[in-house]
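If you want the building blocks of each chain, they are given just below.
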Amino acid sequence: MSAETTGSRDFRYWRLRFRAWRGRRPFWAGLFTLAGGVPIMYFPYANMHLGNVTLAMSTTAGAGSLIIGVLLITLGLTMWFHSVVRMFAGVASILLALISIPIANIGGFVIGFLLSLFGGALACAWVPAKPRRGDKQTEYADGEPSPEGAPEPATAATETTVDANGGRNSAG
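Turning our attention to the overall build of the protein chain. Scanning the protein chain from N- to C-terminus turns up six helices and two strands. Counted from the first residue to the last, the protein chain has its helices and strands arranged as α-α-β-β-α-α-α-α. Here the protein chain holds 172 residues, and 26% of them are scored as buried. Looking at the protein chain alone, contacts between residues at least 24 apart form 68% of all its contacts between residues at least 6 apart. Total accessible area on the protein chain stands at roughly 12600 Å², and carbon and sulfur atoms take up 62% of it.

Right, let's talk about helix H6 (residues 111–125) for a bit. Counting along an α-helix, one turn takes 3.6 residues, and residues three or four places apart therefore face a common direction. With 15 residues, H6 should cover 21 Å at 1.5 Å per step; its first-to-last C-alpha distance of 21 Å lies within 8% of that length. Tucked into the core, H6 has its buried residues touching helix H2 (27–42), helix H3 (62–81), helix H4 (86–103) and helix H5 (105–109).

Pairing analysis gives four bridges linking strand S1 (residues 47–50) to strand S2 (residues 53–56), with the strands arranged antiparallel. The residue bridging Leu 50 from the neighbouring strand is Val 53, located in S2. Hairpin connection, S1 to S2: the antiparallel pair is bridged by two residues, and Gly 51 has positive phi, about 70°.

Attention now moves to unusual backbone geometry. One non-glycine residue with positive phi stands out, namely Val 110, at about 70°. Here Val 110 shows up in the loop between H5 and H6. Under the relative-accessibility criterion, Val 110 is labelled partly exposed at 38%.

Conventions and cut-offs
- Residues numbered from 1 in each chain as written.
- Predicted model: local features only at pLDDT ≥ 70, side-chain atom pairs only at ≥ 80, totals over all residues.
- Heavy atoms only, no water.
- Helix = DSSP H or I, 4+ residues; strand = E, 2+ residues; numbered from the N terminus.
- Buried < 20%, exposed > 50% of the residue type's maximum accessible area, 1.4 Å probe, protein only.
- Contact = heavy atoms within 4.5 Å.
- Areas by Shrake-Rupley, 256 points an atom, 1.4 Å probe, with all protein chains shown as cover.
- Expected span 1.5 Å × (residues − 1).
- Pairing = 2+ DSSP bridges.

Nothing here speaks to function; it is geometry throughout.
Below, the structure written as structure tokens:
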């Protein structure tokens with residue numbers, strides 16, 4: 001180890017790494033979906049104690065709500081760690097949230113329903129950010145080519161290029 005390194009990573013380093021990780025995926029969509037699955041899964045098996053009175057909320061649909069809750073948690077984790085399928089995960093979480101209304105105690109007493117619905121909508125709306133202009137440098141200042149692994153510039157028009165004709169499309 002050199003004199004400049006401390007040997008440990010400080011809080012700022014981990015915070016910046018988490019921030020960069022969070023920016024490349026639908027983080028809030030996954031968090032809301034995951035948080036929506038917990039009350040849907042929990043409430044059918046919960047016992048509330050009001051003084052000496054125990055109120056059991058278990059229903060015959062306990063297995064269904066357990067499956068819906070586990071699937072919502074899995075979809076939330078999928079949004080985080082496999083963001084390519086965010087559209088499928090978003091639509092599936094919206095459908096599971098809607099199914100949870102009649103099956104899982106009014107969707108986890110509306111809390112889990114709203115969280116899952118909002119998380120699914122965020123997942124469907126999220127798109128990856130375009131790289132900044134400074135990140136797309138293709139040549140150094142002295143004219144040398146960029147290092148390996150750098151994206152190649154798109155110089156030629158492709159077959160999918162469309163002449164917009166001033167913003168108007170022709171029908172024929």
